[in-house]
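So you can see what is in the structure, the chains are spelled out below.
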Amino acid sequence: LRERHFHNWEGSRDLHDFYVNACLYRGLSRLRAQQPAEALRDFEAALEYPPNQEVGKSRGEQRVAQIYYFIGMAQAALGAKDKSEAAFQKVSSSGDRGPSEAQYFKALALQKTGRSDEAAQVFDGLVKRGLADLEQTSEAVDYFAKFGEKRAERLRLAEAHYLAGLGYLGLNRSDDAKAQFKQALELHPAHLGALTWGK
């Protein structure tokens, strides 16, 4: 992903998401293996836009909260308290854009900065939004299944389960979280977030 040159003809941002995932999840693996310096390098690399990918930096970078949260975790593991706190402050002051995966990491950062009550509200909001999304149905799904809408509906429902799972995870309701992640994976077996946090 860093060395091969990709021709991004359609202006797609998918490739950069794959790159960010690769950096973050290798960093997580290294952090869990007690290799915080190596993990930090991976997390910081996730902020980059390698020119070989032909993907430009966007205004609304949705992954920044997640990236800086992990940077803060690596800095904490290295004993760099000031740098760790600065990273968590950056995440906790990020803009609100409604319930999302980014909000989960913002809430985790709020906990790290002593604002647990605010974090609980965010987690509760994630649960409510996820469960509300699950109640929505698409009457046209079966009729238009041949056009791919049935697959899109499965992915939408998987994301709703995932969102609720993140909220439950933040609220320390681990059994409820695992149940939601399991349902997300039944709908979308390759859901990276559910695979990671559902363990």
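Conventions used here
- Residues numbered from 1 in each chain as written.
- Predicted model: local features only at pLDDT ≥ 70, side-chain atom pairs only at ≥ 80, totals over all residues.
- Heavy atoms only, no water.
- Helix = DSSP H or I, 4+ residues; strand = E, 2+ residues; numbered from the N terminus.
- Buried < 20%, exposed > 50% of the residue type's maximum accessible area, 1.4 Å probe, protein only.
- Contact = heavy atoms within 4.5 Å.
- Areas by Shrake-Rupley, 256 points an atom, 1.4 Å probe, with all protein chains shown as cover.
- Expected span 1.5 Å × (residues − 1).
- 1 Å grid on protein atoms, 1.4 Å probe; cavity = no way out; pocket = protein on both sides within 12 Å on 5 of 7 lines; lining within 4 Å.
- Points joined across faces, edges and corners; volume = space filled by probe spheres on them.
- Core = buried A, V, L, I, M, F, W, Y, C linked by side-chain atoms within 4.5 Å.
- Phe/Tyr/Trp six-rings, centres within 6.5 Å; stacked < 30°, edge-to-face > 60°.
- Lys NZ or Arg CZ within 6 Å of the ring centre and 35° of its normal.
- Polar contact = N/O pair within 3.5 Å; in protein donor to acceptor, adjacent residues only side chain to side chain.

On to the overall build of the protein. Scanning the protein from terminus to terminus reveals nine helices and zero strands. Mapped from its N terminus to its C terminus, the protein presents α and β elements in the order α-α-α-α-α-α-α-α-α. Taken across its 199 residues, the protein has 38% of its residues classed as buried. Restricting to contacts in the protein with at least 6 residues of sequence separation, those with at least 24 account for 57%. Element-wise, carbon and sulfur atoms account for 49% of the exposed surface of the protein, whose accessible area totals about 11700 Å².

Glancing now at helix H5 (residues 101–112). The terminal C-alpha atoms of H5 lie 17 Å apart, and with twelve residues this matches the ideal 16 Å at 1.5 Å per residue to within 8%. Listing the buried residues of H5 in full gives Gln103, Tyr104, Phe105, Lys106, Ala107, Leu108, Ala109 and Leu110. Within two residues after H5, Gly114 carries a phi angle of roughly 80°, on the positive side.

Another aspect to go through is the layout of surface pockets. By volume, the second largest pocket amounts to about 150 Å³. Taken together, Tyr69, Phe70, Tyr104, Phe105, Leu108, Leu169, Gly170, Asn172 and Trp197 form the lining of the second largest pocket.

Mapped onto the elements, Ile71 comes out in helix H3 (residues 64–77). Judged by relative accessible area, which is 6%, Ile71 ranks as buried. For the pair Ile71 and Ala87, spaced 16 residues apart in the sequence, the C-alpha separation amounts to 6.7 Å. With residues up to four places along the chain from it excluded, the contact list for Ile71 reads Leu40, Phe43, Glu44, Leu47 and Ala87.

The subject of this paragraph is the nonpolar core. Counting 43 residues, the largest nonpolar core has Leu24, Phe43, Tyr69, Phe70 and Trp197 as the members making the most contacts within it. At seven residues, the largest contribution of residues to this core is made by helix H1 (residues 14–32). Excluding residues within four positions of it along the chain, Phe43 makes contact with Cys23, Leu24, Gly27, Leu28, Leu31, Ile67, Phe70, Ile71 and Ala74.

Attention now moves to the side chain of Gln75. Here Gln75 shows up in helix H3. Beyond its immediate stretch of four places on either side in the chain, Gln75 contacts Leu40, Glu44, Ala80, Lys83 and Ser84.

In this section: unusual backbone geometry. The phi torsion at Gln34 lies on the positive side, around 60°, for a residue other than glycine. Inspection of the secondary structure puts Gln34 in the loop between H1 and helix H2 (36–45). Here Gln34 falls in the exposed class, since its relative accessible area comes to 67%. Notably, Asn172 is not glycine yet its phi reads approximately 65°, a positive angle. Looking at the element boundaries, Asn172 is found in the loop between helix H7 (149–170) and helix H8 (174–187).

Scanning all chains against the criterion turns up ten aromatic pairs. Here Tyr104 and Phe123 contribute two aromatic rings whose centre-to-centre distance is 5.8 Å and whose plane-to-plane angle is 55°, an arrangement assigned as tilted. Of the two residues, Tyr104 is situated in helix H5 and Phe123 in helix H6 (residues 116–135); the sequence distance between them amounts to 19 residues. Phe123 carries the same exposure label as Tyr104, and that label is buried. These aromatic residues form a ring-pair network of at least three members: Phe43, Tyr69, Phe70, Phe88, Tyr104, Phe105, Phe123 and Trp197. Geometry around Tyr68 places Lys90 over its ring, the cationic atom sitting 5.0 Å from the centre.

Residue placement: Thr196 occurs in helix H9 (residues 192–197). Residue Thr196 is classed as buried on the basis of its relative accessible area of 11%. For Thr196, the side chain forms a polar contact with the main-chain oxygen of Leu192, separated by 2.8 Å. The residues contacting Thr196, other than those within four sequence positions of it, are Tyr25, Leu28 and Arg32.

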